[in-house]
Amino acid sequence: MSIHPFDSAIELAHEAPDRWQGRTSEDYWNMVSPYGGVTAGVMMQAMLRRPERRGTPLSFTLNFLAPIERGKFVVDTELVRANRSSQHWAIRLSQQDTVLAQAIAICATRRETWGKIEAERPDVPPAEQCAVAPPRKPDGFLQRYEFRIVRGKPFAVNDDSLSHVWVADNPPRPLDFASLTALCDSFLPRIYLHRPDFVPIGTVSINIYFHAGPEALTRQGAAPLLAVAQAQAFSDGHFDHHGHVWSSDGTLLATTQQLVWYKE
């Protein structure tokens, strides 16, 4: 069986106890740099592969400092602090000794407690009843995801930037924390739900909170996820969005915020 493109893109070679080496993937290339989600996924994967790692991801914040060029890169992982129930990690991706992306992450031991979900999942048709949207480009990362748009027409003037989209890896791949991290960047930039013309954009920062453990990810398998997002403000060359990622059985898997730069 051939390796999945995502697994190939996040493949890492162990170079030192806290250092991994990888290579950019043409399958996940974006305009001038790799798709931000695959960069997030590879940095998450580097932390997950540390033998000292305990628990599962609870939060992940990634800042993009500069474009990543085609070719080799290194990922350095540092366990900054740990206690009985959580670990704090610093993760940096570099090329030629220049840091291009840096993240902080928390892993925690999940335990049974009282719980309540106040977020409400939208009432949408199941994925199999929604048409697959054709990719806007013949190559690159848009070929690696399958989008089924329920609400929010892209590159159009909508009343708001709220979107409901079923999204899945293409080809299908069972969900894990690395791919969930990447999928949290699969939301269409909100500016393209208000303005039909293309303008250059670039993600500045992604923040993800994971609300479910590995059992929920295993239940999800390779089925499509429901991605819901809306911007809060567009101003001074930047906009944000708040997003929710739901499993097909209605479990809230993650919430995410993003800040994006745009050029007039």
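Only a predicted model underlies this, so the values are computations on that prediction, with no experimental measurement involved.

**Student:** Is there a simple way to think about the packing of aromatic side chains in this case?
**Tutor:** How two aromatic rings sit relative to each other is set out by the distance from centre to centre and by the angle between their planes. Within this structure, the stated rule accounts for 10 aromatic pairs. When the centroid spacing of 5.3 Å and the interplanar angle of 35 degrees are considered together, the rings of Phe-234 and Phe-239 count as tilted. By relative accessible area, Phe-234 is classed as partly exposed at 31%. In this structure Phe-239 comes out as buried when scored by relative accessible area, which is 1%. Above the face of the Trp-29 ring, Arg-70 is positioned so that its terminal group lies 4.0 Å from the ring centre.

**Student:** Just to check I follow, could you spell out the pattern of salt bridges for this structure?
**Tutor:** If charged atoms from side chains of opposite charge come close, those side chains can pair. All chains considered together, the criterion is met by 11 salt bridges. Asp-7 is the salt-bridge partner of Arg-173, the closest N and O atoms lying 2.8 Å from each other. Linking Arg-173 in the loop between strand E8 (163-169) and helix H3 (177-183) with Asp-7 in helix H1 (residues 5-9), this pair joins segments that are 166 residues apart in sequence. Accessibility expressed as a relative area gives 8% for Arg-173, which makes it buried. Under the relative-accessibility criterion, Asp-7 is labelled partly exposed at 27%. Glu-52 is the salt-bridge partner of Arg-50, the closest N and O atoms lying 2.9 Å from each other. Residue classification places Glu-52 among the partly exposed positions, given a relative accessible area of 34%. One network of salt bridges, with partners in common, ties together Asp-7, Arg-173 and Asp-176.

**Student:** Looking at this structure, how should I read empty space enclosed by the protein?
**Tutor:** In this approach a probe as big as a water molecule rolls over the atoms, and the regions it shows empty are the leftover space. Under the defined criterion, the tally for this structure stands at 2 cavities of 30 Å³ or more. The computed volume of the largest cavity comes to approximately 90 Å³. Lining the largest cavity are Ala-9, Arg-23, Thr-24, Ser-25, Tyr-28, Pro-34, Val-38, Thr-39, Val-42, Ile-68, Phe-73 and Leu-93. At 3 residues, helix H2 (residues 36-48) tops the list of elements feeding residues into the lining of the largest cavity. Residue classes in the lining of the largest cavity are distributed as 8 nonpolar, 3 polar and 1 charged. The space that makes up the second largest cavity amounts to roughly 50 Å³. Lining the second largest cavity, in full, are Ala-168, Asp-169, Arg-173, Leu-175, Leu-183, Gly-221, Ala-222, Ala-223 and Leu-225. In terms of residue class, the lining of the second largest cavity is made up of 6 nonpolar, 1 polar and 2 charged.

**Student:** Looking at this structure, how should I read the side chain of Arg-190?
**Tutor:** Residue placement: Arg-190 occurs in the loop between H3 and strand E9 (201-210). The charged side chain of Arg-190 is buried without a salt bridge, its nearest counter-charge being Asp-160 at 7.7 Å. With residues up to four places along the chain from it excluded, the contact list for Arg-190 reads Ser-161, Leu-162, Ser-163, Ala-229, Gln-230, Ala-231, Phe-234, Phe-239, Asp-240 and His-241.

**Student:** I keep staring at the state of the cysteines and nothing clicks. Help me out?
**Tutor:** By definition, a disulfide links the sulfur atoms of two cysteines through a covalent bond. The tally for this structure, following the rule as stated, stands at 0 disulfides. Between Cys-184, a free cysteine, and Cys-107, which holds the nearest cysteine sulfur, the sulfur-to-sulfur gap is 15 Å.

**Student:** Help me understand the pairing of strand E13 (residues 252-262) in this model?
**Tutor:** For a regular strand, the rule is simple: side chains alternate between the two faces of the sheet. Burial runs high along E13: 8 of the 11 residues are buried. Examined bridge by bridge, E9 and E13 share 9 bridges and lie antiparallel to one another. Counterpart to Ser-205 in the pairing with E13 is Leu-259. Of the pairings in the sheet, the one linking strand E12 (residues 238-246) to E13 comprises 9 bridges and is antiparallel in character. Residue pairing across strands places His-244 opposite Thr-255, the latter belonging to E13. Here E12 folds back onto E13, and the loop between the two strands holds 5 residues, one of which, Gly-250, carries a positive phi near 90 degrees.

Cut-offs and rules
Just so you know, the residues in each chain are numbered from 1, in the order the chain's sequence is written. Restriction of local features to residues with pLDDT of at least 70 applies here, the model being predicted, together with a cutoff of 80 or more for giving and counting side-chain atom pairs; totals for whole chains, interfaces and linings are based on all residues. Note: side-chain values were computed over all heavy atoms of the structure, leaving out hydrogens and water. Put simply, two rings from Phe, Tyr or Trp (the six-membered ring, in Trp's case) pair if the centres are within 6.5 Å, and we call them stacked under 30 degrees between planes, edge-to-face over 60, tilted for the rest. Each residue is assigned to one of three classes by its accessible area relative to the maximum for its type, calculated with a 1.4 Å probe on protein chains only: buried under 20%, partly exposed between the two thresholds, exposed over 50%. Working rule: Lys NZ or Arg CZ, within 6 Å of ring centre, within 35 degrees of ring normal, means a charge sits over the ring. Should a side-chain nitrogen of Lys or Arg be within 4 Å of a carboxyl oxygen of Asp or Glu, the pair is scored as a salt bridge. Only DSSP runs of H or I covering at least 4 residues are called helices, and only runs of E covering at least 2 are called strands; the numbering of each starts at the N terminus. Think of a 1 Å grid over just the protein atoms. A cavity is a set of points where a 1.4 Å probe fits yet cannot get out, a pocket is an open set with protein on both sides within 12 Å along at least five of seven lines, and lining residues have an atom within 4 Å of a point. Grid points are joined across faces, edges and corners, and a volume is the space filled by probe spheres set on the points. Nonpolar residues are Ala, Val, Leu, Ile, Met, Phe, Trp, Tyr, Cys and Pro. Charged residues are Asp, Glu, Lys and Arg, and all others, Gly as well, are polar. Only four residue types enter the charge count: Lys and Arg as positive, Asp and Glu as negative, with His and the chain ends excluded. Here, two residues are considered to be in contact whenever any of their heavy atoms come within 4.5 Å of each other. The criterion for a disulfide is a pair of cysteine sulfur atoms lying within 2.5 Å. Whether two strands pair depends on DSSP finding at least two bridges between them.

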